[in-house]
Amino acid sequence: MGAQGARTAGRPMTVPVWRALPNFLRDAHQSLVDAGEAAGGRVVRLGFGVSSPYLVTDPDHVRQVLQDRATNYPRGDDTALWRSVRKLVGDGILAEGDTWLASRKTLAPLFRRGRIDVMVDTMAKAIDEATDRLDGAAEAGRVVDIGAELSRLVCAAIMRVFFDSRVSVDDALRIMAAQEEIVTSMAPRLLAPFTPWWIPMPGDRRFHRAVQTIDGILLPVLRAAVQQPGDGDDVLSTLARAQRDGQPLSERQMRDDLVSMVAVTTETSYVVLTWLWPVLANHPDVAERLYAEVDQVVGAGPVRAEHLRQLTYTQLVLNELLRLYPAGWIVPRRASAPDVLGGVRIERGATVILSPYATQRMRAYWGPTAESFDPERFAPDRHEVETARRNAYYPFGLGMHRCLGEHLFNVEALLIVATLVSRFRFALTDPTVPAPRVAASLRPRRQVELTLSRRDHAVPGRSN
Ligand code: HEM
């Protein structure tokens, strides 16, 4: 996508509507990278017709919006993404202002490093047990949809953190299936952010049905937890005991936070890990080093907590995966007062789009090899990249809304990857890396299907 328009003081470069819109509809993700690149990292206005958002890619500007001047850039509930999200999760941790702050105070302690670390062996065991089901597929040479399998493994891993044992795995999987509907049914609105909310669009009905399914499962569990809160340190029990202004939370507050947390945790984690397999198929050198490290550290397994800090190359692979495939690919904000960003005037009410996907793929920040998968970028001895990495890498966001789940993700991702690699080899049905699909998170456009073969040293169903 090219950029046009005079750049006089205070006025942005503008990608004209006849170019911005068709490019965005054809390939939304790449069009953001291209627009950022064409503007040389300056703030650029995307001509989408009625709404012409500003695209912000420069790391300094990103920091200003998300951190230094964060109060001037709330999430706003009139951007397509946040409005859809709010319809699902209501007004809790994913909102703004006092409600958000109260939710953040309740929830943040649950995801601190120390608290997650004591649960690593429980998570490892749950993942190992859930992986047993893949032995049958390996034996039969059956093709599996690895995204679906990963969502099952992520569910197994986080059940304890979230619900203790108050939700069955089957119900958790039904929640995941409903979430799948939600994330994909939002696509028409994300592709047409200029369409007023009151105009019905394809996908709306699926969205509402899926929200009802989630509530149908979670509300009874939540009511039971309120009747008998217990002293568990899982998310549900903590919300059931929490107080705000000396009062217990209302059912609505609890429901909104619980649904928000389930939504952001499971979807993001398994979507990122789904990209790993096509990437490995296209980078045999990376795959070989990954297998070598897991063999050396974990052997035939099972994976345990003490293995994690030795999985240093696996961690580099995950860092690089999050650079090229950040699940939160787009982070919209709304200017609540006029501002000047990088010399460009931003008017009150304007939509500002931040995109970890764009910034993390731009040659302007990552050099000529920006698009290639190279975990070594994150190796401690690559000092020149360190600087870029600190500034132009923000897969978990920045500032006051920074992700609460970064450590949880790292732990569960290391456990899942090490468990799968220690037990299986993978052959993709279609070895090309899929294009991304427009959805609330960065999903592959097609299912990633593969067959598994059991490693020689792997013991079938060893967790039984
Ligand atoms: C690879 C996995 C993940 C990625 C890429 C990711 C990414 C992000 C990003 C970019 C934001 C910032 C949104 C914004 O500024 O508006 C965010 C916020 C958030 N994330 Fe994550 N996330 C991941 C996993 C998780 C997990 C496992 C949890 C579970 C605790 C989680 C919980 C949250 C919460 C609660 C927020 C909102 C925080 C706030 O507004 O104060 N995320 N995440």
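Check the entry above for the structure.
To start, this report covers the structure provided alongside it.

1. Quick notes on the side chain of threonine 238
Okay, so step 1: Of note, threonine 238 is situated in helix α13 (residues 235-241).
Okay, so step 2: Residue threonine 238 is classed as buried on the basis of its relative accessible area of 15%.
Okay, so step 3: Ignoring anything within four residues of it in the chain, the contact list for threonine 238 reads Thr106, Leu110, Gly232 and Asp233.

2. As for the sheet that holds strand β4 (residues 144-145)
Okay, so step 1: Spatial strand order, β4-β14-β11: three strands in an open sheet with antiparallel pairing. Taken across any chain shown, the strands that pair with only one partner, and hence form the sheet edges, are β4 and β11 (424-428).
Okay, so step 2: The pairing of β11 with strand β14 (residues 449-454) spans five bridges and is classified as antiparallel. Counterpart to leucine 428 in the pairing with β14 is leucine 450.

3. Comments concerning the sheet that holds strand β1 (residues 13-15)
Okay, so step 1: Read from one edge of the open sheet, five strands run β1-β2-β3-β10-β7, paired in mixed fashion. Lying at the two open borders of the sheet, with one neighbouring strand each, are β1 and β7 (331-334). The mean inter-strand angle of the sheet, taken between neighbouring strand axes irrespective of direction, is 30°.

4. Here's the deal with the site of the ligand
Okay, so step 1: Around the ligand, the surrounding shell holds 27 residues, and the nearest of these are Arg75, Trp100, Arg104, Arg333 and Cys403.
Okay, so step 2: A distance of 2.6 Å separates an oxygen atom of the ligand from a polar atom in the side chain of tryptophan 100.
Okay, so step 3: Histidine 401 places a polar side-chain atom, nitrogen or oxygen, 2.7 Å from an oxygen atom of the ligand.
Okay, so step 4: For the shell around the ligand, the element with the highest residue contribution is helix α14 (residues 251-282), accounting for six residues.
Okay, so step 5: Of the residues assigned to the shell around the ligand, the class counts are 17 nonpolar, six polar and four charged.

Procedures and definitions
Residues numbered from 1 in each chain as written. Predicted model: local features only at pLDDT ≥ 70, side-chain atom pairs only at ≥ 80, totals over all residues. Heavy atoms only, no water. Helix = DSSP H or I, 4+ residues; strand = E, 2+ residues; numbered from the N terminus. Buried < 20%, exposed > 50% of the residue type's maximum accessible area, 1.4 Å probe, protein only. Contact = heavy atoms within 4.5 Å. Pairing = 2+ DSSP bridges. Axes fitted to C-alpha atoms, helices over the stretch in contact; angles between N-to-C directions. Near = heavy atom within 4 Å. Polar contact = N/O pair within 3.5 Å; in protein donor to acceptor, adjacent residues only side chain to side chain. Nonpolar A, V, L, I, M, F, W, Y, C, P; charged D, E, K, R; others polar.

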